[in-house]
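A closer look at the structure
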Amino acid sequence: MKTHASRAEHLRRVFAIVAVIVTVYYLYWRITETFNPNALVFSWALWVAEVFGAFSTFLLYFVVWKQKERTTPEPLPGRTVDVFIPTVNESVDVLRKTLLACNNLKYPHRTIVLDDGNRREVRDLCGELGCIHLARSSHKHAKAGNLNFGLEHSEAEFVAVFDADHAPLPHFLDQLLGYFRDDEVAFVQTPQEYYNIDSFQHRVDAKKKYIWAEQYLFYSLIQPGRDHWKAAYFVGSCAIIRRKALDDIGGFAHESVTEDLLTSVRIHSKGWSSVYHNEVLAYGIAAETIHPFQIQRMRWGIGSWQVFFRANPLFMRGMSFAQRLCYLESLIYPLEGFQKLIFYATPPIALITGILPMRALDINYLLHFIPYYTISLFAFNEMSRGVGGNLLLEQFSMGKFVTYIGTLGAFLFSRKSKQFKVTPKGQRSLAPYRLLIPQIVVCIISIVAIVWALVELILQLRNDDFIIVVNSLWALYNSGLAIGIILYARKKLFQRRKIFRIPDSLPVRYSYSGRGRDSGRYAVIDNMTRYGISLFSIGRVPDDRVVRLTVLLPKKEVSIDCVFLHGKTVAAANHLISRTGLRFVNIDTTARDELSHYLHEGALVKFLREYSKRYRTFLERQLEEHRRRKRRARRHYANLPVALSSGNNRLSIGVIRNISSTGVLLAAQENYRPEEQVQLVVAPETGNIRLMGTVVRTVRHQSENYPEYYAGIRLSEPDSERVKYILQLAHKAKALYHE
């Protein structure tokens, strides 16, 4: 019996085949029946743009036809591994976080920093952390040359590569090395995941716990599809490569600014295979604003042209037909810039001049176009398996179409543009407004064209009202895309915060001296960075003295002195609820590094796992079982400190994440078993809000160094006055954490 997932897979492939047939027929009908003999250039331009879109979609369907699903093999013991971190000008703070994570890798290895900036502060950092520092005298061939310099000083059997901002989890090497039992595997690639979800390329629905990012289509769909065709490729970071495979092709390829793509092409052409392990094992920083985003896309586009014209996989020996098609799909995407330019220009031209790229824009045309477009859109949404987001993809296409067009000009005419440019990250730099000029022009011209045509229609200078309506709708759609990306980009013209604040729910104890006595209370971390913390507490944190903060990490405690930055307080029943920003002062290196480890391995992983990266497609929604579910009581976000005790006299401090009239979700550092009776004391320093409950289920946060548990508690006295009192606290606190 087929599962719902397999039935959905079967049906979406059927729809994809139908969409291909309908598209081919539509394009044939367009060229044989609709071309305007009085505007052949215009007609051909639009038709070629449609053909490119269809061809790109067909290639995508082929690549993602089947997703490769892998299970983690047993680790491969006793092998030598060097971890390479190439760097040029990345900040030492960013680099320190990465080196700490690399040093924390469990599998025996060496951490080697390839410093192409030859900076004293990086050399000192390596000396402090026990990493190897290598700096070459010549900076030829940019990142590829730097990596090859590292190979000259390495005899390890395997090389792991991380960008300076990508920090791996401790089990990264253990999870991947087992794949190399197959002597034909050249490299194992993992997804590049970015934790700063306020970046330019992310869209977040905090209420639904959903994240969309421009690169999810590639890492969550295209790479697993390519893996099925034995064509997954190395993306420059978060991967392990067999040294023998690199030696076989003469090292990392340096003839392209996208050294990763060209290196993959050469490895596959030599008969080596690759693996894509679809599990996030490292976290980095995405381009925060539109400026570094465009720099990155420009480099990728130029690199694609370089590979296309200098080492085109279509003509290289040693590759399978499927591998050639997979690489072709990844090389032609910059042409999308020209395609979108035609789509954006067509409605204004038609509205202003009255000239059409077809003989007639009538009901007959719409009867062909609408079914083709609808089926194509539906098939794409299904084949993208819940990570596509067609409207958001179109919005981003609007945001980068000129950049893609510029990549061809840069490749053909500008030597300077072919030089490798590091994507700026972790910088509070201002992005130039000129980057939005193309989108502003599209918006203005589209609106002007609509007004122009309507005025002519009102003045009875033309009578093609149906044509005006259709092209006006098209122009409005383009304007909407432009306005959407402009409004969002304006928020991301510069990075307002130095570092992304990582949400968390971790108990802390704070104290401060004053009036002859020491005061000690409990609070909960709302978010945290390496430089400061936001606390959620019952009671007010003083703003006029140094606060001694003890962070109750799992298995250990870290004490830090803090000073008040800002705060907000609301009255809730008989208590004050506060949200307070504190800055660390006089923090020693050991404490800061411990917090960095926890943030990366604990808080960050917990935070991102609460979000979904995909949505359910139409077919998945229709085929799933419609079970009658018991209606759950409404949950309220609480984030309140709580003292826990159970029948075996275990005492600990935890956090009530949310609460309803019948139960609570508890974040604890002890593992409470199902059916175990527990007592909860909210605001432990007062001791007057006590609840009793039974553990229903427990889920462990998988972290070796920072184990935590989420426990569902069924309250013994639901709807009691004490429960209502806490619900009242949670309700009033919304003004603090929904700013």
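Residues numbered from 1 in each chain as written. Predicted model: local features only at pLDDT ≥ 70, side-chain atom pairs only at ≥ 80, totals over all residues. Heavy atoms only, no water.

Take the sheet that holds strand β2 (residues 110-115) next. Strands pair in a sheet through their backbones, by hydrogen bonds, and they do so in one of two ways: parallel or antiparallel. Spatial ordering of the open sheet is given by β3-β2-β1-β4-β10-β6-β11, a layout of seven strands whose pairing is mixed. At either end of the open sheet lies a strand with only one pairing partner, and these are β3 (132-134) and β11 (273-276). The average undirected angle you get between the axes of adjacent strands in this sheet is 25°. With three bridges joining them, β2 and β3 adopt parallel strand pairing. Within β3, the position partnered with Val113 by the bridge is His133. Its contacts with the sheet put helix α3 (residues 92-103) on β1 (81-87) and β2, and the angle it makes with β1 is roughly 175°. (Pairing = 2+ DSSP bridges. Helix = DSSP H or I, 4+ residues; strand = E, 2+ residues; numbered from the N terminus. Axes fitted to C-alpha atoms, helices over the stretch in contact; angles between N-to-C directions. Contact = heavy atoms within 4.5 Å.)

In the structure shown here, the tally under the stated rule is 36 aromatic pairs. Ring pairing ties together the aromatic residues Tyr26, Trp29, Tyr365, Phe369, Tyr372 and Tyr373, which thus form one cluster. Its guanidinium or amino end placed over the ring of Tyr327, Arg226 lies 4.6 Å from that ring's centre, counting from NZ or CZ. Residue placement shows Lys613 over the ring face of Tyr216; its charged tip is 5.0 Å from the ring centre. (Phe/Tyr/Trp six-rings, centres within 6.5 Å; stacked < 30°, edge-to-face > 60°. Lys NZ or Arg CZ within 6 Å of the ring centre and 35° of its normal.)

It is worth spelling out the side chain of Ser534 at this point. When you line up the elements, Ser534 lands in strand β16 (residues 532-538). In this structure Ser534 touches Val524, Ile525, Asp526, Asn527, Arg579, Thr580 and Gly581, once residues within four positions along its chain are discounted.

Once that is clear, we can look at a nonpolar patch on the surface. A surface patch of nonpolar side chains, about 580 Å² in accessible area, is lined by Ile447, Val451, Val455, Ile458, Leu459 and Leu461. Structurally, the position occupied by Ile458 is in helix α15 (residues 437-458). (Patch = residues over 30% accessible without salt bridge, like charges linked within 9 Å, V, L, I, M, F, W, Y side chains within 5 Å. Areas by Shrake-Rupley, 256 points an atom, 1.4 Å probe, with all protein chains shown as cover. Salt bridge = Lys/Arg side-chain N within 4 Å of Asp/Glu carboxyl O.)

End to end, helix α19 (residues 721-732) covers 16 Å across 12 residues, agreeing with the expected 16 Å (1.5 Å per residue, within 8%). Buried within α19 are the following residues: Val723, Tyr725, Ile726, Leu727, Leu729 and Ala730. (Expected span 1.5 Å × (residues − 1). Buried < 20%, exposed > 50% of the residue type's maximum accessible area, 1.4 Å probe, protein only.)

Among the residues making up helix α4 (residues 120-129), those that are buried are Val122, Leu125, Cys126 and Leu129. Seen from one end, α4 has its buried residues packed into an arc of 100°, which puts them on one side. Set apart from the buried face of α4 by more than 90 degrees, the exposed residues are Arg120 and Gly127. Next to the buried residues of α4 lie α3, β2, β3 and α17 (589-609). Backbone geometry just downstream of α4 places Gly130 in the positive-phi region, at approximately 80°. (Arc of directions from axis to C-beta.)

Segmenting the protein into domains produces domain 1 (4-64 + 335-493), domain 2 (81-286), domain 3 (502-609) and domain 4 (631-737). Just the C-alpha atoms count here: the centres of domain 3 and domain 4 sit 20 Å apart. The interface of domain 3 with domain 4 comprises 37 residues on the first partner and 34 residues on the second. The interface formed by domain 3 and domain 4 contains one salt bridge. (Domains from an automatic or database assignment.)

What follows is about the pairing of β1. Of all seven residues in β1, seven are buried, a share of seventy percent or more. Residue alternation in β1 divides its side chains into two sets, Val81, Val83, Ile85 and Thr87 and Asp82, Phe84 and Pro86, and both sets are buried. As paired strands, β1 and strand β4 (residues 158-161) are joined by four bridges and run parallel to one another. Bridged to Asp82 within β4 is Val159. Inspection of the sheet shows β1 paired to β2 by six bridges, in the parallel sense. Within β2, the position partnered with Ile85 by the bridge is Val113. On the question of chirality, the crossover connecting β1 to the parallel β2 by way of α3 is right-handed. (Right-handed = clockwise from strand over helix to strand, strands pointing away.)

Take the side chain of Gln339 next. For Gln339, the location among the structural elements is in helix α12 (residues 336-353). Gln339 has contacts with Ala49, Phe52 and Gly53, leaving out every residue within four places of it along the chain.

So, about the sheet that holds strand β24 (residues 689-701). With antiparallel pairing, the six strands of this closed barrel are ordered in space as β20-β21-β22-β25-β24-β23. Shown here is a sheet whose adjacent strand axes are inclined to one another by a mean of 45°, direction ignored. The pairing of β24 with strand β25 (residues 708-715) spans eight bridges and is classified as antiparallel. When the sheet's bridge partners are listed, Arg697 is paired in β25 with Gly712. Relative to the sheet, α17 contacts β24 and β25, its axis offset from that of β24 by approximately 95°. Each of β20 (636-646), β21 (651-659), β23 (677-682), β24 and β25 touches α19; the most contacted strand, β24, lies at about 65° to it.

Time to look at unusual backbone geometry. If you check the backbone angles, Lys230 has positive phi at about 60° while not being a glycine. Topologically, Lys230 is positioned in the loop between α7 (216-228) and β10 (239-242). Residue Lys230 is classed as exposed on the basis of its relative accessible area of 55%. The phi dihedral of Glu675 falls on the positive side, at around 80°, and the residue is not glycine. Residue position: Glu675 is located in the loop between β22 (663-668) and β23. You can call Glu675 exposed: its relative accessible area is 57%.

The contact between helix α2 (residues 40-63) and helix α11 (residues 321-331) brings their axes to 9 Å, and the two run at 130°. When the axis of α2 is compared with that of α11, the two are oblique. As for the relative orientation of α2 and α11, their crossing is left-handed in sense. Where α2 approaches α11, its residues Phe55, Leu59, Leu60, Phe62 and Val63 are matched on the opposing element by Ala322, Leu325, Cys326, Leu328 and Glu329. Taken together, the residues that form the contact of α2 with α11 break down as nine nonpolar, no polar and one charged. (Parallel < 35°, antiparallel > 145°, perpendicular 65-115°, else oblique. Left-handed = near helix turned anticlockwise from the far one by under 90°. Nonpolar A, V, L, I, M, F, W, Y, C, P; charged D, E, K, R; others polar.)

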